[in-house]
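Single-letter residue listing:
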Amino acid sequence: MSDNQNLLAEQRRALILDEVRRRGGVRVNELTRRLSVSDMTVRRDLDALARQGVIEKVHGGAVPLAEASTHEPGFEAKSSLEQGAKEDIARAAAAMAAPGSAIALSGGTTTYALAQHLLDVPDLTVVTNSVRVADVFHTAQRTAAGGAPRPGAATVVLTGGVRTPSDSLVGPVADQAIRSLHFDVLFLGVHGISVQAGLSTPNLAEAETNRRLVCSARRVVVVADHTKWGTVGLSSFARLDEIETLVTDGGLSAEARAEMAEHLPGLVVAGEEDAA
């Protein structure tokens, strides 16, 4: 951990969360020494992380929260986690989108980050069931110089459906819209990924919509930071052998990398692409 006293609260909390997950728990007095901040500052950070539902406060410190397989955090809670990793992943994944291709982006905070890196890829057709992702492209259109459409701006198709806590549109309406479409590449965010369960989510309707997205894609690229490894949601929607590439970050352990490499054709570790 850094001992920089000027760390932003967001950065400090990300460091604390990583330490909690890595070590299985931390004590307040350890954090005050490592971060060179006051006891009160650490306790405020722990309170904030507990409100986000990612840790559990215990006497003198904090431990990871044992989430139920049906727990589904909201978009805002998830967007504050692993931001640096998501940016690295988004940058690496954006290079896989060819100009003029038809792509799909599922819901999620990592695909939201990816959408912002895709704005400069010309002539894309983007199908998404994410309200947030669609808004990235629509906002870019509205803020173009003079209000005129940007040359090469993406054409966006937003499916209908019922909105989930993560701002994805799911259910029969979304499934029917996706069923008739075909994409060159699907960029898929996930709640959890493991060898045994494959890709999973705590939302049953979202699982079915994700199955339709996978079936409609020629290539499936999963974008998931290292904390998703080993997490299992209530419903599985794809096997690992249905994925062409996983784009993740350098926080993925050597053991996990070896295991994933045995089951996936392509593993890209953002920032380490040449080693994949």
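The structure this text deals with has already been given above.
The paragraphs below set out a description of the structure included in this document. (Residues numbered from 1 in each chain as written. Predicted model: local features only at pLDDT ≥ 70, side-chain atom pairs only at ≥ 80, totals over all residues. Heavy atoms only, no water.)

## Quick notes on helix H8 (residues 172–179)
How we decide: When accessible area is computed with a 1.4 Å probe and restricted to protein chains, residues below 20% of their type maximum are described as buried, those above 50% as exposed, and intermediate ones as partly exposed. Counting from the N terminus, the helices are the DSSP runs of H or I reaching at least four residues and the strands are the DSSP runs of E reaching at least two. The directions considered for the arc are those from the helix axis to the C-beta atoms. Only heavy atoms matter for contacts: two residues are in contact if any of them lie within 4.5 Å across the pair.
Taken together, the buried positions of H8 are occupied by Ala174, Asp175 and Ile178. Looking down the long axis of H8, one finds its buried residues gathered within 100° of arc, a one-sided arrangement. Those residues of H8 that are exposed and angled more than 90 degrees off the buried face are Pro172 and Val173. Where H8 is buried, its residues contact strand S8 (169–170), strand S9 (183–189) and helix H9 (204–215).

## Description of the pattern of salt bridges
Where we set the bar: We define a salt bridge as a contact between a side-chain nitrogen of Lys or Arg and a carboxyl oxygen of Asp or Glu at a distance within 4 Å.
Taken as a whole and assessed by the stated rule, the structure comprises 13 salt bridges. Between Asp45 and Arg12 there is a salt bridge, and its shortest N-O distance comes to 2.5 Å. Placement of Asp45 in helix H3 (residues 39–51) and of Arg12 in helix H1 (residues 9–23) is noted, with a sequence separation of 33 residues between them. Via salt bridges that share partners, Arg12, Arg13 and Asp45 belong to a single interconnected network.

## Quick look at the pairing of strand S4 (residues 102–105)
What counts is decided by this rule: We treat two strands as partners when DSSP finds at least two bridges between them. Crossover handedness is defined by viewing with both strands directed away from the observer: a clockwise path from the first strand over the helix to the second marks the crossover as right-handed.
Across four bridges, the pairing between S4 and strand S5 (residues 125–128) is parallel. Bridge pairing in S5 places Ile103 opposite Val126. Traced from S4 through helix H6 (residues 109–117) to S5, the parallel crossover comes out right-handed. Summarising the sheet, S4 and S9 pair through three bridges and their orientation is parallel. Of the residues in S9, the one forming a bridge with Ala104 is Leu186.

## Considering the nonpolar core
What counts here: As used here, the term nonpolar core means buried Ala, Val, Leu, Ile, Met, Phe, Trp, Tyr and Cys residues forming a set that is joined through side-chain atoms within 4.5 Å.
Among the nonpolar cores identified, the biggest contains 28 residues, and Ile103, Leu105, Leu114, Leu118, Phe137 and Phe187 are the most heavily contacted of them. Going through the elements one at a time, helix H5 (83–94), S4, H6, helix H7 (131–142), S9 and strand S12 (217–223) are the ones with two or more residues in this core. Among the elements that take part in this core, H5 stands out by supplying five residues, more than any other. When sequence neighbours within four positions are dropped, the list of residues in contact with Ile103 reads Leu118, Leu124, Thr125, Val126, Val127, Phe183, Val185 and Phe187. The next biggest cluster of nonpolar side chains, apart from the first, holds 25 residues, and it includes Val190, Ile193, Val214 and Met260.

Don't take any of this as a statement about function, it's just geometry.
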